[in-house]
Protein chains: 2
Amino acid sequence: MSITTFNHLVELLVRRGQRRRLAVVNGIDDHTQRAVEMALDEGIVNIIFVGGKKIISRNQAMAHYHSHIEYVPADNPDDAARRAVALCREGKADMLMKGRINTDNLLRAVLNKETGMLPKGNVLTQITMTEVPGFDRLLIFTDSAVIPFPTQEQRVAQVRYVVNAWHFMGVEEPRIALIHCSEKVDERHFPYTAGYKDIIAMAQRGEFGKCIVDGPLDIGTAVSPQALATKGLSSPLEGRADGLILPNIEVGNVLHKTLSTFIHARMASVLQGAMTPVVLPSRGDSAESKFLSIALAAL
Amino acid sequence: MSITTFNHLVELLVRRGQRRRLAVVNGIDDHTQRAVEMALDEGIVNIIFVGGKKIISRNQAMAHYHSHIEYVPADNPDDAARRAVALCREGKADMLMKGRINTDNLLRAVLNKETGMLPKGNVLTQITMTEVPGFDRLLIFTDSAVIPFPTQEQRVAQVRYVVNAWHFMGVEEPRIALIHCSEKVDERHFPYTAGYKDIIAMAQRGEFGKCIVDGPLDIGTAVSPQALATKGLSSPLEGRADGLILPNIEVGNVLHKTLSTFIHARMASVLQGAMTPVVLPSRGDSAESKFLSIALAAL
């Protein structure tokens, strides 16, 4: 079965029948609890609540799933972050999720050189999967949260993460577009576009596994065969990109917010590169979006 | 009547009953001719075709409007650009439109220091108006075509053009959002966000006429009261921005292409700052989009 909707993704996880262990940092807010409950309903996770006392006893739905829930006490949100990160580092949890804690504080625990969970040399960056109403498949695009302006090395890591995510979902040869505001390399104004050639060459040498990479392309010529034809261009992606590697965090943010604000597209975001996936929703995310992010992380 | 759709905008022009004189540079392509025909159908323009021999005689619809069409011969597209720009400079045309000619070549004619049409010190930049299905009003956003990274001075000019466009359309106190990927000034990674404070102060001093300016805001908190509330933020715009001043051309392009590719939003784009508005469609634009751009320029 090819995975073209979030429902397919959840079905895949249900069919696989493995419960991932999700460590939730101070999961006291409603959206986090509702998202966790949805993941428990689907039977795709076991939960370790770290900090946030008495979550289970106060929440009827949680009480129902008590055999799939553990509780680890913590003194405060920062302590909860340290303890949850330790669980991930020690292999006792398979993924980490932010509840009510400042993003910077959680990231500090993740990035701590001694007690954190980012292997040296790894690139921590965000991927977002989106299901756009009226569009025929899921798309994955890069970082609207962590890296302001990716270096070439970070961009290479982003390509790797996106290709890997598609491989996990059974897409044999994902199509990856390196995005820019035009189809021309512009070394003067946009130096990073010069690096696109090297990434394409790496892909052709097989360094990312089976995939097709092309760029620069804009969002239109990346995902629309018609836009490509209208511009009289050709691309090995044929206007059918599965993955969009975005220039920087501002482009990521505007894509993310435009899809969510104007089209109410379903979205899931996960940080890649740490010892386990990290679900780091933003305050604006719905409970459903947080649940979908858990599903993406559980992949 | 408040103008919340492109149809309202066209009605406004029809009611005003003034025909703007549109100089079309080498308008031999189908989309340009179809767009011109739509503008003639509405009775909002007179046309001066500059270059592109025998357009009228070959096109039945055009023949019908012969009393509203002039023809100025030219040796080639570049010559047509020079002649059309001269008409604008001499007050014989009210707006300029690109037909089949390379964008750079047309801009060269516009920008020529002696024979061009950009007054010294003026900022040439693009505004785009969009009608997003399901959204309750039109939005105007800045440059996805001309200025890669606006300076503070250029950004101030962009605010002025956007405010003016709304005033022309009868919006007394337009709300203008200065866009960034977050609501925090970040002088280190995004130096331009530090300049937002000064633009807000200028607006408060009345330097743009009546308007409300706020930022940094992201696309969500700019146009969605709900997104603003969910983030627990307050803004004098109250999540009801009419204008979006975008950080740079890449953000502009991704917004433009996301709205057109995924939502099929109606779009109109015009260059501001020259002696007359310049309609500079991109190859991918539909005939309808080119017509709407003529309407926006005719405002």
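Residues numbered from 1 in each chain as written. Chains lettered and ligands numbered in written order. Predicted model: local features only at pLDDT ≥ 70, side-chain atom pairs only at ≥ 80, totals over all residues. Heavy atoms only, no water.

Per an unreviewed UniProt entry, chain A is named Phosphate butyryltransferase, and its organism is Prevotella lacticifex. For the record of chain A, the UniProt heading Sequence similarities (unreviewed entry) holds the text "Belongs to the phosphate acetyltransferase and butyryltransferase family." (UniProt positions renumbered as here; feature names shortened; annotations may be inferred.)

Turning to the pairing of strand 10 (residues 266–272) of chain B, a few remarks are in order. All names here are of chain B. Counting buried positions along strand 10 yields six of seven residues, so the element is predominantly enclosed. Sheet topology places strand 5 (residues 125–131) next to strand 10; seven bridges connect them, and they run antiparallel. Counterpart to Ile 127 in the pairing with strand 10 is Val 270. (Buried < 20%, exposed > 50% of the residue type's maximum accessible area, 1.4 Å probe, protein only. Helix = DSSP H or I, 4+ residues; strand = E, 2+ residues; numbered from the N terminus. Pairing = 2+ DSSP bridges.)

What follows concerns the interface of chain B and chain A. Contacts between chain B and chain A engage 33 residues on the former and 33 residues on the latter. For the chain B and chain A pair, buried surface summed over both sides reaches about 3,000 Å², with 72% attributable to carbon and sulfur atoms. Counting across the chain B and chain A interface gives two salt bridges. Between chain B and chain A we count eight residue pairs in polar contact (both at pLDDT 80 or more) in total. Elements with a contribution of two residues or more to the side of chain B that touches chain A: helix 9 (219–223) and helix 11 (249–263) of chain B. (Contact = heavy atoms within 4.5 Å. Buried area = accessible area lost by both parts, 1.4 Å probe. Salt bridge = Lys/Arg side-chain N within 4 Å of Asp/Glu carboxyl O. Polar contact = N/O pair within 3.5 Å; in protein donor to acceptor, adjacent residues only side chain to side chain.)

A few words now on the pattern of salt bridges. Residues and elements named next belong to chain A. Scanning all chains against the criterion turns up 32 salt bridges over all chains. A salt bridge links Glu 288 to Arg 266, with the shortest nitrogen-to-oxygen separation between them at 2.9 Å. Taken together, the residues Glu 288 in helix 12 (residues 287–297) and Arg 266 in strand 10 (residues 266–272) connect sequence positions 22 residues apart. Here Glu 288 falls in the partly exposed class, since its relative accessible area comes to 31%.

Next up on the list: the packing of helix 11 (residues 249–263) of chain A against helix 11 of chain B. Close contact between helix 11 of chain A and helix 11 of chain B brings their axes to 9 Å; oriented N to C, the two are set at 30°. In terms of their interaxial angle, helix 11 of chain A and helix 11 of chain B are classed as roughly parallel. Along this stretch, helix 11 of chain A crosses helix 11 of chain B, giving a crossing that reads as right-handed. Contacts from Glu250(A), Val251(A), Val254(A), Leu255(A), Thr258(A), Leu259(A), Phe262(A) and Ile263(A) in helix 11 of chain A reach Glu250(B), Val251(B), Val254(B), Leu255(B), Thr258(B), Leu259(B), Phe262(B) and Ile263(B) in helix 11 of chain B. Looking at the contact of helix 11 of chain A with helix 11 of chain B, its residues break down into twelve nonpolar, two polar and two charged. (Axes fitted to C-alpha atoms, helices over the stretch in contact; angles between N-to-C directions. Parallel < 35°, antiparallel > 145°, perpendicular 65-115°, else oblique. Left-handed = near helix turned anticlockwise from the far one by under 90°. Nonpolar A, V, L, I, M, F, W, Y, C, P; charged D, E, K, R; others polar.)

All names here are of chain A. An ideal rise of 1.5 Å per residue puts 18 Å on 13 residues; helix 8 (residues 192–204) measures up with 19 Å between its terminal C-alpha atoms. The complete set of buried residues in helix 8 reads Tyr 192, Thr 193, Ala 194, Gly 195, Tyr 196, Ile 199, Ile 200, Met 202 and Ala 203. Following helix 8 by one or two positions, Gly 206 has its phi on the positive side, about 85°. (Expected span 1.5 Å × (residues − 1).)

Attention now goes to the relation of the copies chain B and chain A. In the superposition of chain B on chain A (RMSD 0.0 Å, axial shift 0.0 Å), the rotation amounts to 180°. Taken together, the rotation and translation describe the operation of a two-fold axis. Relative to the rotation axis, the closest C-alpha in chain B is found at Val251(B), a distance of 2.6 Å. A symmetric contact is evident, with 100% of the interface residues of chain B recurring at the interface of chain A. (Least-squares fit on C-alpha atoms with pLDDT ≥ 70 in both.)

Residues and elements named next belong to chain B. Where helix 1 (residues 6–16) meets helix 12 (residues 287–297), the closest approach of the two axes is 10 Å, and the angle between their N-to-C directions is 50°. Here helix 1 lies oblique to helix 12, going by the angle between them. Note that helix 1 runs across helix 12; the crossing there is left-handed. Residue-level contacts link Phe 6, Leu 9, Val 10 and Leu 13 of helix 1 to Phe 291, Leu 292, Ala 295 and Leu 296 of helix 12. Along the lines of polarity and charge, the residues of the contact of helix 1 with helix 12 split into eight nonpolar, no polar and no charged.

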